[in-house]
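# A look at the structure
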Amino acid sequence: MASATLSFRVVNSVASNNTHCEKINRCSACTTRTSSARGSSFTSIAFKPSHYNTVKKNKISYKQTISITCMAGKVAITGATGFVGSALVERLLEEGNTVKVLTRNASKASNKLPKGEELEIYEVDEWGEAVKGCSAVVNLAGEPIATRWSESVKQEIIGSRVNATEALVDAVNACNLFDRPGVFVSASAIGFYGTSQDAVFKESSKAGDDFLSEVCVQWEKAASKAKTRRAVTLRLGIVLDNGGGAIARMKPIFQLGGGGPLGSGEQWFSWIHRDDVVEMIMQAIQNSKWKGVYNATAPTPVRVSEMSSALGQALFRPSLVPVPAFVLETLLGEGATLVLDGQQVLPTRALDAKFQFKYNTVLEAMQAIAK
């Protein structure tokens, strides 16, 4: 299939004082050619067919002063088969990127992910080669935590995050400067802050002192050693959408009419829709102004009772049957803290960066999920 070519005029950056013209960024798969005539430079970019979709929305005329950025590139991901990772892979492929899946089990990952020439799968001993030349690395690895926490499970929760992050950081840092990825995006969680009924947590808030806080502290410490030009840490709230996460457990119960608040219902529920998480990761990859820690939560945290009511309303089912705390403690042991103890977390830095949330209220999110 032939390349798609766009031609446009580029005004000298000194003459234009950088007002309308940026450097042309492109991936290695797309080629540029510049020629001059009568004092103006004309640049053509031959895009890979799949990459052309990322820029064709720009309306270009002969007399326009414009800059085009081909955002397509190579992105390496751990945790690609997970709830967030699978949605991110789909988004990256849609935008013409080559996705390099970094996994511990290639055959298992292959069975869960879409097939195509733009998706490549690598096991741990191949990570070093895989990350070379990538524009970004995204670290989403981690075993589920919504389970009973025995000592062995606790070690797996920590190890699956910290060990994978250390291995990924080592692979990135081993690259020479020319081949090293430009940005390292790593997940963490709002469990970093501990739990509270009264406090409001922002990115500048201190870490808590419980098990999940310690997991997040170690996780972020490991990620901080990546020697990339930029590093972004996203502290994820409770991610909502069909196909996994909290909704996968709650929705069937509500559909049968047995849903209701968990525990007292007064604990905080700091949530985010999966679409908004993916968009935040894309911003972290593409926007050079994003650096440091961001809370990946919706701007409107709610009490668990309100969340339950919103889900029931969206499904046209009652939300009247509470689940007593002792039942959850019996099922999950210490892990029940995930649903019985909450925290009110605000995405202060994302809002300061003018991030546009697709879902601002939990009712909007639940109605989308219910469709």
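Described in the following lines is the structure provided in the data block. Worth saying up front: this structure is predicted, and the values here are computed from it rather than measured. Position numbers for residues start from 1 in each chain and track the written sequence from start to end. Per-residue local features are limited, in this predicted model, to residues with pLDDT of at least 70; the limit for side-chain atom pairs, both in listing and counting, is 80 or more; totals at the level of whole chains, interfaces and linings are taken over all residues. Where side-chain values are given, they derive from all heavy atoms of the structure, hydrogens and water being excluded.

### Brief notes about the overall build of the protein chain
How we decide: Working definition: helices are DSSP H or I runs of at least four residues, strands are E runs of at least two. Numbering for both runs from the N terminus. When accessible area is computed with a 1.4 Å probe and restricted to protein chains, residues below 20% of their type maximum are described as buried, those above 50% as exposed, and intermediate ones as partly exposed. Every residue pair with non-hydrogen atoms within 4.5 Å of one another is taken to be in contact. In this description, accessible areas are obtained by the Shrake-Rupley approach with a 1.4 Å probe, and a residue is regarded as covered only by the protein chains that are shown.
Each helix and strand counted, the protein chain has 13 helices and 16 strands in total. When the 371 residues of the protein chain are sorted by exposure, 47% land in the buried category. Taking the contacts inside the protein chain whose residues are at least 6 apart along the sequence as the reference set, 76% of them involve residues at least 24 apart. Of the roughly 18300 Å² that the protein chain leaves accessible, carbon and sulfur atoms contribute 51%.

### Here's the deal with helix α9 (residues 304-315)
Where we set the bar: The length a helix should cover is 1.5 Å for every residue beyond the first.
The first and last C-alpha atoms of α9 sit 17 Å apart over 12 residues, in line with the 16 Å expected at 1.5 Å per residue. Taken together, the buried positions of α9 are occupied by Val-304, Met-307, Ser-308, Ala-310, Leu-311, Gly-312, Ala-314 and Leu-315. Packed against the buried residues of α9 are α7 (245-255), β12 (268-269), β15 (302-303) and α13 (362-370).

### So, the pattern of salt bridges
Applied cut-off: For salt bridges, the criterion is a side-chain nitrogen of Lys or Arg within 4 Å of an Asp or Glu carboxyl oxygen.
Tallied over the full model, the rule gives eight salt bridges. Across the pair Glu-151 and Lys-154 runs a salt bridge whose closest N-O atoms are separated by 3.9 Å. Pair noted here: Glu-151 and Lys-154 are both in helix α5 (residues 151-173), with a separation of three residues, about one helical turn. On the accessibility criterion, Glu-151 (55% relative accessible area) is exposed.

### Remarks on unusual backbone geometry
Although it is not a glycine, Phe-316 sits at a positive phi angle of roughly 60 degrees. Considering the arrangement of structural elements, one finds Phe-316 in the loop between α9 and α10 (325-332). Its identity is not glycine, yet Lys-354 carries a phi of approximately 65 degrees, on the positive side. For Lys-354, the position within the fold is in the loop between α12 (348-352) and α13.

### Quick word on the state of the cysteines
Inclusion rule: We call a pair of cysteine sulfur atoms a disulfide when they lie within 2.5 Å.
Inspection of every chain in the model, using the stated rule, returns zero disulfides. Free cysteine Cys-134: the closest other cysteine sulfur is in Cys-175, separated by 8.2 Å. Among the residues examined, Cys-175 registers a relative accessible area of 2% and is labelled buried.

### Here's the deal with α13
Applicable threshold: Read the arc as the range of directions from the helix axis to the C-beta atoms.
Of all the positions in α13, only Val-362, Ala-365, Met-366 and Ile-369 are classed as buried. The buried side chains of α13 occupy one side of the element, clustering within an arc of 95 degrees when seen end-on. Where α13 is buried, its residues meet β11 (238-240), α7, β13 (271-273), β15 and α9.

### A closer look at the sheet that holds strand β4 (residues 74-78)
Basically, it comes down to this: A strand pair is defined by DSSP finding two or more bridges across the two strands. Angles run from 0 to 180 degrees between N-to-C directions of axes, and those axes are lines fitted to C-alpha atoms, restricted for helices to the stretch in contact.
What the seven strands build is an open sheet, ordered β6-β5-β4-β7-β8-β10-β14; its pairing is parallel. Both outer strands of the open sheet, β6 (119-123) and β14 (292-296), are each paired with one neighbouring strand and no more. Adjacent strand axes in the sheet meet at a mean angle of 20 degrees, parallel and antiparallel pairs treated alike. Note that strand β5 (residues 98-103) and β6 share five bridges and pair parallel.

### Structural notes on the packing of α5 against helix α6 (residues 211-223)
What counts here: An angle below 35 degrees is treated as roughly parallel, one above 145 as roughly antiparallel, one from 65 to 115 as roughly perpendicular, and anything else as oblique. Under this grouping Gly is polar, as are all residues other than the nonpolar Ala, Val, Leu, Ile, Met, Phe, Trp, Tyr, Cys and Pro and the charged Asp, Glu, Lys and Arg.
Remark: α5 packs on α6, axes separated minimally by 8 Å, with the N-to-C direction vectors making an angle of 10 degrees. Here α6 runs roughly parallel to α5, going by the angle between their axes. Between α5 and α6, the contacting residues are Lys-154, Ile-157, Ile-158, Arg-161, Val-162, Thr-165, Glu-166 and Val-169 on the first element and Phe-211, Val-215, Gln-218, Trp-219, Ala-222 and Ala-223 on the second. Of the residues belonging to the contact of α5 with α6, the class tally is nine nonpolar, two polar and three charged.

### Notes on the packing of α9 against α13
Packed helix pairs are characterised by how far apart their axes lie and by the angle those axes make with each other. Our working rule: When the near helix sits turned anticlockwise from the far one by under a right angle, the crossing is termed left-handed; a clockwise turn instead gives a right-handed crossing.
For the pair α9 and α13, interaxial distance at closest approach is 8 Å and the crossing angle is 40 degrees. Considering their axes alone, α9 and α13 lie oblique with respect to each other. Judged by the twist between their axes, the crossing of α9 over α13 is right-handed. Residues Met-307, Ala-310, Leu-311, Gln-313, Ala-314 and Leu-315 of α9 lie in contact with α13, whose contacting residues are Val-362, Leu-363, Met-366, Gln-367 and Ala-370. Of the residues belonging to the contact of α9 with α13, the class tally is nine nonpolar, two polar and no charged.

### A short note on the packing of aromatic side chains
The cut-off we apply is this: Pairing of aromatic rings covers Phe, Tyr and Trp, the last counted by its six-membered ring, and requires centre-to-centre distances within 6.5 Å; plane angles under 30 degrees mean stacked, over 60 mean edge-to-face, and any other angle means tilted. Placement of a positive charge over a ring is assigned whenever Lys NZ or Arg CZ falls within 6 Å of the ring centre and within 35 degrees of the normal to the ring plane.
Under the defined criterion, the tally for this structure stands at six aromatic pairs. Arranged with centres 5.3 Å apart and planes meeting at 15 degrees, the rings of Tyr-193 and Phe-201 form a pair that is stacked. Per residue, the accessibility class of Tyr-193 equals that of Phe-201, and both read buried. Judged by centre distance (6.1 Å) and plane angle (65 degrees), the rings of Trp-290 and Phe-355 are edge-to-face. Taken as a pair, Trp-290 in the loop between α8 (274-286) and β14 and Phe-355 in the loop between α12 and α13 lie far apart in primary sequence, 65 residues in all. Taking relative accessible area as the criterion, Phe-355 reaches 7% and is therefore assigned buried. One aromatic cluster in this structure is built from Trp-290, Tyr-294, Phe-355 and Phe-357. The residue whose ring lies beneath Arg-161 is Trp-219, and the NZ or CZ to ring-centre distance is 5.2 Å.

### Examining the side chain of His-273
To keep things clear, this is the line we draw: Distance and chemistry together define a polar contact, namely a pair of N or O atoms within 3.5 Å, with one atom able to donate a hydrogen and the other to accept it when in protein, and with adjacent residues in sequence counting only for side-chain atoms on both sides.
Within the secondary structure layout, His-273 lies in strand β13. Within polar-contact distance, the side chain of His-273 engages the backbone nitrogen of Asp-275 at 3.0 Å. Ignoring any residue separated from it by four or fewer positions in sequence, one finds His-273 in contact with Val-239, Leu-240, Asp-241, Tyr-359, Ala-365 and Ile-369.

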